[in-house]
Every structure is written in structure tokens, then in C-alpha cells.
Amino acid sequence: MIAINGFRFNTYTPTQKSRQQPSFEAKAPIDLNYVLKERSHLLPPRILEEVKRIVSSKSEKLPTLKEVHQRIYAPLLECKTLEEAQKTFSEFEGVKEATVSFERITGNIKKLKEGGFLKEGFSLKILQEVWANLKSQDEIAKELGLKDRNAITWVLQKIGFVNYDTNYKSLLMASSPDTRAIIAGKTLAWNASHPDLVRARNKKAAQGMKKPENRKAHSRRMKQHFVDHPERREQVSKNSKKYWSDPQHREEHSQRGKDYAKAHPEKAQKARERSKAAWALIPEARKILKNFFKDYTAEDMILASRLRDVFSKRQKGIPLTGYEEMILNKYNKACADAHPEIGEMISQAYKMLDEVI
């Protein structure tokens, strides 16, 4: 992130490594209050309704999300037929019996047919295993003598199988202290034993984000996500404000930016050139800033001179002293408070540049 004339902008730097470590510690379990407030968009409708009821009751001891799920879907295990399950759970109305015909017979489907699995009752069994027993598709596939979930994917598509969000499954597991500790341990152990794969995965993701089409696609997905889940947009904004309100975080981020610019002067120069090109597209904004500078330094010619020196050093990529950083940050804040509309103007300018490029 860089600050230009009072406004902060994200600068994607693929090779810059974050110093923050992900937190996988098994601390307090995720309770229903947290689930309802922060992750309600992941819950199946039936579970969401029950969680709301439990939280509103203000009970001192709340069950875990996993306990709620297993209680709600326990009756599924008592169902003898798919039709009976569909009458009890309307969300399964579109599921068909596994006796449907398959246009193409793959090796896996042939194996399932020979094993006598693709018959009446198979669809119900899968629903019971996934929704009531919380088994993964990998576990089910192995129990059927198949390699992994890919072996039954085509079958599940044909019968119109209804599944829950994979993130919801993670939430279920994390809601229990025991399974949360297991997940944390496995994640850290895997990362520690596969450092090359972790680096390769991160590098691949970074390389992908270098492509303009990938960045635009990611931007579209995120915008749609926040339209669909306005509560997440609000939470992200809240978390961001909390993070940047910490002086230590601002200092650490500033130092990382300085270190990266020092290690990659060519990219720092490219960022300055891009910024200069963007500002050239909005002369009205530059006029506003020019007038603001006059007003801000009207009674202090020494400050005006020092700020001009700071602007010149920033433009040339020369590191600033602690005092220069201080007066620049103070000026930037005053400018942003006085003219918040410029943030949108510079944002549009960068979009225009990206379209041209």
C-alpha cells in the first residue's frame, strides 16, 4: 500500500513476503454467536433458522454448530426410502434414485454397477452419510472401494445430489474444540513438512495474479461476493480500520514497503510512473490539491518548503527521514479529511489506465 497526496492505494507486489504468520492455534471454539454474526451466509437454511432460535433464547450454555447439525439431521438416519427423506427434508426434493441411466459408462460407474451400489437406496445412503454422519466424499468413495471423490462425482451429478458448502464443513469441524485442534495440528504439520510445495503454491498464486485478466476476474468475483453478502463487506471494512488504527501495524507496513522499494528499485520506479500517469488524467484533482496546499501552508512558509522537498524526494524515490514521514503523514490526513472525493477520482484514473493497458 502506498500513500499519494493523502490517499492510500494497494500495490500488489507478488515477491513481497508477508511477515505475518497465519493463526492456526486451537483457542476457544467457534460458538453459535460467532457463527450467526460472522458466518451466517455459509449455513444451510434449516441450520440457520435453528441457530437463530438458539441464540435468541440467550441460553448460558450453547451447543456447538456440529451438535446442532447432527441433531437436526439425525432423523435422516431413520428414513427407509428416498421419498420419506424428501418429505422430511424438502431441500432433497430434487435428488433422484441412482437407477437413472448414464449416457457414458466410465470405469468407476462400471465398478459401482458391478458392486451392486447403483440401485434404489444408494441416493438415500449418500445423503445419510454426508448430511447425518458428516462423512466426506473421499471417505465414502474409499468405503465403496474407489480411489477418491472423483470416482463418484459423475454419479452425484446425475442424481442431483445436494451438498453443503465446503466452507460450512470446515466451520462444523472448527466449532468443536477437539476437531479444531486436529485441524490446526494437521495444517501446521503439513505446511512444515512440505515447505517446497507451500512456496510453489504461493508462487503460482502470485504468478496468476500478474495477469490482468486474472486480476479483473478476481475483482469481479469479490465485488459480487460483497453484493451478495453486505455483512462481509461491513466486517472487512471494520477489520481494516481496526488494523490500520494500530501505529505498530502502520510502521511495520511502511518499513516493508521501504525494504521492498530498496530491493526492487525498478518496480518502485514503475509504480511512480504509473502514479504520475494516473494523476495526469485528472487535472481537476491536481487543481484541488494545489489550492489545498496553499491554504495548508499559508501561515508557515518553512513548512511549505519542507513539504515541497518531501514531495520531490518521494518522486525521485529517495528515502525520507522520520521527521519528514511525520509531516507528510499529517499533511496526507488533513488532505484526505478535507477532500475525500479525490479518492474516487484517483481510483477511476487507475481504472482508465488499466483499460488502456
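Residues numbered from 1 in each chain as written. Predicted model: local features only at pLDDT ≥ 70, side-chain atom pairs only at ≥ 80, totals over all residues. Heavy atoms only, no water.

1. Section: the overall build of the chain
Within the chain, the regular secondary structure consists of 19 helices and two strands. The buried share among the 357 residues of the chain stands at 32%. For the chain, long-range pairs separated by at least 24 residues make up 64% of all intrachain contacts whose partners lie at least 6 apart in sequence. Of the roughly 23200 Å² of accessible surface on the chain, a fraction of 53% belongs to carbon and sulfur atoms. (Helix = DSSP H or I, 4+ residues; strand = E, 2+ residues; numbered from the N terminus. Buried < 20%, exposed > 50% of the residue type's maximum accessible area, 1.4 Å probe, protein only. Contact = heavy atoms within 4.5 Å. Areas by Shrake-Rupley, 256 points an atom, 1.4 Å probe, with all protein chains shown as cover.)

2. A short note on the packing of aromatic side chains
Think of a pair of aromatic rings as described by two things: how far the centres are apart, and how the planes are tilted against each other in angle. For the coordinates displayed, the defined rule picks out 13 aromatic pairs. Taking the centre distance of 5.6 Å and the plane angle of 70 degrees together, the rings of Tyr164 and Tyr168 count as edge-to-face. Considered together, Tyr164 and Tyr168 belong to a single accessibility category, that of buried residues. An aromatic cluster of at least three residues, connected via ring pairs, comprises Tyr73, Phe89, Phe92, Trp131, Tyr164 and Tyr168. (Phe/Tyr/Trp six-rings, centres within 6.5 Å; stacked < 30°, edge-to-face > 60°.)

3. Looking at the nonpolar core
Counting residues in hydrophobic clusters, the biggest one holds 46 residues, and the most contacted among them are Leu65, Leu76 and Trp131. Looking at this core element by element, the count peaks at seven residues for helix α6 (residues 122-132). Discounting residues that sit within four places of it in the chain, Trp131 has contacts with Pro44, His69, Tyr73, Leu76, Phe92, Phe161, Val162, Asn163 and Tyr164. Counting residues in each nonpolar core, the second largest holds 22 residues, with Trp279, Ala285, Cys335 and Met345 among its members. (Core = buried A, V, L, I, M, F, W, Y, C linked by side-chain atoms within 4.5 Å.)

4. Observations regarding unusual backbone geometry
Residues other than glycine seldom take positive phi values, yet Lys58 does so here, at roughly 55 degrees. With respect to the helices, strands and loops of the structure, Lys58 is situated in the loop between α2 (45-56) and α3 (65-73). For Leu134, which is not glycine, the phi torsion reads 55 degrees and is therefore positive. Turning to its location among the elements, Leu134 is positioned in the loop between α6 and α7 (137-143).

5. Describing a positive patch on the surface
On the surface, Lys203, Lys210, Arg215, Lys216, Arg220, Arg221, Lys267 and Lys270 cluster together to form a positively charged patch. Broken down by element, the residue count for the positive patch peaks at four residues, all from helix α12 (residues 212-228). Within the secondary structure layout, Arg215 lies in helix α12. (Patch = residues over 30% accessible without salt bridge, like charges linked within 9 Å, V, L, I, M, F, W, Y side chains within 5 Å. Salt bridge = Lys/Arg side-chain N within 4 Å of Asp/Glu carboxyl O. Lys, Arg positive; Asp, Glu negative; His and termini not counted. Charge placed at Lys NZ, Arg CZ, Asp CG, Glu CD.)

6. Describing helix α15 (residues 265-280)
With 16 residues, α15 extends 23 Å from end C-alpha to end C-alpha; this agrees with the ideal 22 Å at 1.5 Å per step. Where α15 is concerned, the buried positions are Ala268, Ser275, Ala278 and Trp279. Burial along α15 is one-sided: seen end-on, the buried residues are contained in an arc of 95 degrees. The exposed residues of α15 that point more than 90 degrees off its buried face are Lys270 and Lys276. (Expected span 1.5 Å × (residues − 1). Arc of directions from axis to C-beta.)

7. Some thoughts on the pattern of salt bridges
Counted by the stated rule, this structure contains ten salt bridges. Of the charged contacts, one joins Glu50 and Arg71 as a salt bridge, the two residues approaching to 2.8 Å between their closest N and O atoms. Highlighted residues: Glu50 in helix α2 and Arg71 in helix α3, separated in sequence by 21 residues. In this structure, Arg199 and Asp196 form a salt bridge, with 2.4 Å as the shortest nitrogen-oxygen distance. Of this pair, Arg199 and Asp196 both sit in helix α11 (residues 195-208), separated by three residues, roughly a single helical turn. Considered together, Arg199 and Asp196 belong to a single accessibility category, that of exposed residues. Residues joined by salt bridges that share partners form a network here, namely Lys125, Glu129, Lys135 and Glu143.

8. So, the side chain of Ser175
Turning to its location among the elements, Ser175 is positioned in the loop between α9 (166-174) and α10 (177-193). Since its relative accessible area comes to 1%, Ser175 is described here as buried. Within the structure, Ser175 has its side chain in polar contact with the backbone nitrogen of Lys66 (distance 3.2 Å). For Ser175, the side chain forms a polar contact with the main-chain oxygen of Leu172, separated by 2.7 Å. (Polar contact = N/O pair within 3.5 Å; in protein donor to acceptor, adjacent residues only side chain to side chain.)

9. Quick notes on α9
Among all positions of α9, only Tyr168, Lys169, Leu171, Leu172, Met173 and Ala174 are buried. As for α9, its buried residues are in contact with α1 (32-38), α2, α3 and α10. Measuring from the side-chain oxygen of the N-cap residue of α9 to the backbone nitrogen of Asn167 gives 2.6 Å; that N-cap residue is Asp165.

10. Section: the confidence of the model for the chain
For the chain, the mean per-residue pLDDT works out to 80, and 85% of the residues sit at or above 70. This stretch, residues 1-28, has a pLDDT under 50; its non-local contacts, to residues over four places away or in other chains, come to 58 contacts. (pLDDT = per-residue confidence, 0-100.)

11. Thoughts on the environment of Lys169
With respect to the helices and strands, the residue Lys169 is situated in helix α9. Separated by 127 residues in the primary sequence, Lys169 and Leu42 place their C-alpha atoms 9.3 Å from one another. Those residues in contact with Lys169 that lie beyond four places of it in its chain are Leu134, Lys135, Ser136 and Tyr164.

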